Amino acid sequence: MFTRSALSALAATTAALALLVGCTSTKVSGSDGSELSLVEKGKLKTCTHLPYEPFQVRKNNKIVGFDVDLVDLVAEDLKVKQEIVDTPFEGIQTGEDLNTRKCDIAAAGMTITPVREKNLDFTDSYFEATQALLAKKGAPYRSLADLKGKRLGVQQGTTGEVYGRKHAPGATKVQFEDLALLLTNLKTGQLDAVVHDNGVLLDYAKKNPELAVVAEFRTGEQYGFGVQTGNDALREEVNKVLKKAKADGRYDRIYRKWFSTSPASPKK
C-alpha cells in the first residue's frame, strides 16, 4: 500500500509526464524544416482584441481582417488552422498572454515600440501606420491644438493615447478600453474628436460619411506580430512567410482586399 507521500510523488510524476507528452504533440515543422512548438496541437492560436476593423473584426459569426489573412498564411505554411482568441489588449502588449501560453502569436494592429519590445519579440514590420484625427465632417479641427477645451477620445494602452496626451495638453482626454465604444461615442456626439491609427479611422469614416479624417500626423509607426520573448523559431517562420508573400504578390492582394489601394500607393 502506498503512503500519502508516495501517492503525492506518483501524482506529480504522472502530471509531469503528461505535460511532456502534451508538449511533444505540439511540435510542427517550419517552411525550412526546422521544428517549433505550438500551444495546442493542430492550431496556431492568435491573441487579438476585437473589434479593430479592418485588421480584425467579427462578421457573420466569423473573424476576418487584414491581420487574420496574413496569419492564415503562416498557419497554412505550418499545416495547421488559425484559432483566434479575443482578449484585452493590455494582456497582449504586456506579453502576459504569450507568457501564460494563451496563444502562440499576437496579431492586434500593434505598433512596435521600445516599451513593448521589453515584453515580447516582434516580427518584421508588416504595415506602416500613422496617427490621425477623426471628427464630424465640417468640424473646425485641423490639429490637436484646435481641441483646447474639447473632449478628445483615446483608446487605452495605444500609441494614439500616448500621442494625444503629449500633443493635445489643452484637451480633456476621455479613455476607452474598446475601440468600438470609442468610435460610437464620437458618432453620438459624446466626443469632439478621436485620435487613433489612420488605418482604422479611414475605414470607419468610409462607412460613416458624417465623419471625416481631418488630419494625419506622420509618426512613422510600424506594425509587427508579437511572439513570446525568445521564441525565435516562430518569429523567424513568420518573417519567412511575410517575405515570401510580399515577393509572390499575395501580400499585395490581401492589402488591396482590405484597404482598396496598393501598399506603395497614397491612401485614398
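Definitions and cut-offs
- Residues numbered from 1 in each chain as written.
- Predicted model: local features only at pLDDT ≥ 70, side-chain atom pairs only at ≥ 80, totals over all residues.
- Heavy atoms only, no water.
- Pairing = 2+ DSSP bridges.
- Helix = DSSP H or I, 4+ residues; strand = E, 2+ residues; numbered from the N terminus.
- Contact = heavy atoms within 4.5 Å.
- Axes fitted to C-alpha atoms, helices over the stretch in contact; angles between N-to-C directions.
- pLDDT = per-residue confidence, 0-100.
- Disulfide = S-S within 2.5 Å.
- Buried < 20%, exposed > 50% of the residue type's maximum accessible area, 1.4 Å probe, protein only.
- Arc of directions from axis to C-beta.
- Salt bridge = Lys/Arg side-chain N within 4 Å of Asp/Glu carboxyl O.

J.: Before we move on, could you go through the sheet that holds strand β3 (residues 43–48) and cite the residues and values that matter?
T.: Spatial strand order, β6-β3-β7-β14-β8: five strands in an open sheet with mixed pairing. Edge positions in the sheet fall to β6 (81–86) and β8 (121–122), since each of these pairs with one other strand and no more. Two strands pair when backbone bridges link them, and β3 and strand β7 (residues 105–106) are joined in this way by two bridges, in the parallel orientation. When the sheet's bridge partners are listed, threonine 46 is paired in β7 with isoleucine 105. Strand contacts of helix α2 (residues 66–78): β3, β6 and β7, with the helix running at about 135° to β6, the strand carrying the most contacts.

J.: Could you give an account of the confidence of the model for the chain, with specific residues and numbers?
T.: In the predicted model, the chain carries a mean pLDDT of 89, and the fraction of residues at 70 or more is 87%. For residues 1–25, every residue scores under 50 in pLDDT, and the model assigns this stretch two contacts once sequence neighbours within four places are set aside.

J.: Kindly report on the state of the cysteines, identifying the contributing residues and their values.
T.: Applying the stated criterion across every chain yields a total of one disulfide. Covalent S-S linkage joins cysteine 47 and cysteine 103, the inter-sulfur distance amounting to 2.3 Å. Taking the torsion about the S-S bond as the criterion, the cysteine 47 to cysteine 103 disulfide, at about -110°, is left-handed. Linking cysteine 47 in strand β3 with cysteine 103 in the loop between α4 (96–99) and β7, this pair joins segments that are 56 residues apart in sequence.

J.: Run through the sheet that holds strand β12 (residues 193–197), naming residues and quoting values.
T.: Taken in spatial order, the five strands make up an open sheet running β11-β10-β12-β9-β13, and their pairing is mixed. Either end of the sheet is taken by a strand with one partner, and the two such strands are β11 (172–176) and β13 (211–223). Direction aside, the axes of adjacent strands within the sheet are offset by 25° on average. Across the sheet, helix α7 (residues 179–187) is in contact with β9 (127–136), β10 (151–155), β11, β12 and β13; its angle to β12 comes to roughly 150°.

J.: So what's going on with helix α10 (residues 250–259)? Residues and values would help.
T.: Of all the residues in α10, the buried ones are Tyr251, Ile254, Tyr255, Trp258 and Phe259. Taken down its axis, α10 places every buried residue within 105° of arc, on the same side. At its buried positions, α10 is contacted by β5 (62–64), α2, β9, α8 (198–207) and α9 (232–248). Taken from the residues just after α10, serine 260 is the one with a positive phi, measuring 55°.

J.: Go over the pattern of salt bridges with me, naming the residues and quoting the values.
T.: The tally for this structure, following the rule as stated, stands at 12 salt bridges. Two residues, arginine 165 and glutamate 161, come together in a salt bridge whose shortest N-O distance is 3.2 Å. Of this pair, arginine 165 and glutamate 161 both sit in helix α6 (residues 159–167), four residues apart, roughly one helical turn. In this structure, the salt-bridge partner of lysine 207 is aspartate 203, at a minimum N-O distance of 2.9 Å. One end of the pair, lysine 207, and the other, aspartate 203, are both in helix α8, four residues apart, so they sit about a helical turn from each other. Overall, the relative accessible area of 43% leaves lysine 207 in the partly exposed class.

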